[in-house]
Amino acid sequence: MSEEYEYRHEVEELAERSATAARLFDVRRIIGGLFVVYGIIVLIAGYTASDADVKKASGININLWTGWCVLAVGLLFLLWMKLRPLSAPGAVPKPEPSRPGNGPGAGTGTGTGSGTGTGEG
């Protein structure tokens, strides 16, 4: 009995480590972090741009606009990771809440119509 308990405990511990490793190396975290860092760098370049640089780009501070967009994309990746975290490998995903009319048997209700589709009722 104790061997079975030890084995089960070891399997649970390995599954927990695996889930932690999967969350640690989530691609969304890496991509989001890089986009945030690059966005900040380009924003700094945009704020320190000279008038000659802005004049070259037809009067638009392209580094500033690009920096804000790249920063926004990075933050969206990080938000996505926060709102939809990875589940543990082998874990059963939680069912989403059902909406009226989308469940099993939708459309087969006990309405008062005859079900012939003739429009008479």
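Everything quoted here is computed from the prediction, not taken from an experiment.

K.L.:
So what exactly am I meant to see when it comes to the overall build of the protein here?
P.N.:
The number of helices and strands found in the protein is 4 helices and 0 strands. N-terminal to C-terminal, the α/β element order of the protein is α-α-α-α. Within the protein, the proportion of its 121 residues that are buried is 12%. Put simply, 74% of the contacts in the protein that link residues at least 6 apart link residues at least 24 apart. For the protein, the accessible area works out to roughly 10300 Å², and carbon and sulfur atoms hold 63% of it.

K.L.:
Can you walk me through the side chain of Arg 28 in this structure?
P.N.:
Looking at the secondary structure, you find Arg 28 in helix H2 (residues 27-47). From its side chain, Arg 28 meets the backbone oxygen of Arg 84 in a polar contact 2.9 Å long. Discounting residues that sit within four places of it in the chain, Arg 28 has contacts with Phe 77, Leu 78, Trp 80, Met 81, Arg 84, Pro 85 and Leu 86.

K.L.:
I would appreciate a short explanation of the UniProt feature "transmembrane region" (unreviewed entry) in the protein in the present structure.
P.N.:
As annotated by UniProt and renumbered to match this structure, "transmembrane region" (unreviewed entry) occupies residues 30-50 and 62-80. Measuring from the first to the last C-alpha atom of residues 30-50 gives 32 Å, for a span that is 86% helix and 0% strand. Counted over residues 62-80, helix gives 100% and strand 0%. Its end C-alpha atoms are 27 Å apart.

K.L.:
Is there a simple way to explain the packing of H2 against helix H4 (residues 62-83) in this structure?
P.N.:
Helix packing geometry: the angle between the two helix axes and the distance between the axes. Contact pair H2 / H4: the axes reach a minimum separation of 7 Å and the direction vectors enclose 160 degrees. Between H2 and H4, the angle falls in the class roughly antiparallel. As H2 runs across H4, the sense of the crossing is left-handed. Partitioning the contact of H2 with H4 into residue classes produces 19 nonpolar, 8 polar and 2 charged.

What counts as what
Residues numbered from 1 in each chain as written. Predicted model: local features only at pLDDT ≥ 70, side-chain atom pairs only at ≥ 80, totals over all residues. Heavy atoms only, no water. Helix = DSSP H or I, 4+ residues; strand = E, 2+ residues; numbered from the N terminus. Buried < 20%, exposed > 50% of the residue type's maximum accessible area, 1.4 Å probe, protein only. Contact = heavy atoms within 4.5 Å. Areas by Shrake-Rupley, 256 points an atom, 1.4 Å probe, with all protein chains shown as cover. Polar contact = N/O pair within 3.5 Å; in protein donor to acceptor, adjacent residues only side chain to side chain. UniProt positions renumbered as here; feature names shortened; annotations may be inferred. Axes fitted to C-alpha atoms, helices over the stretch in contact; angles between N-to-C directions. Parallel < 35°, antiparallel > 145°, perpendicular 65-115°, else oblique. Left-handed = near helix turned anticlockwise from the far one by under 90°. Nonpolar A, V, L, I, M, F, W, Y, C, P; charged D, E, K, R; others polar.

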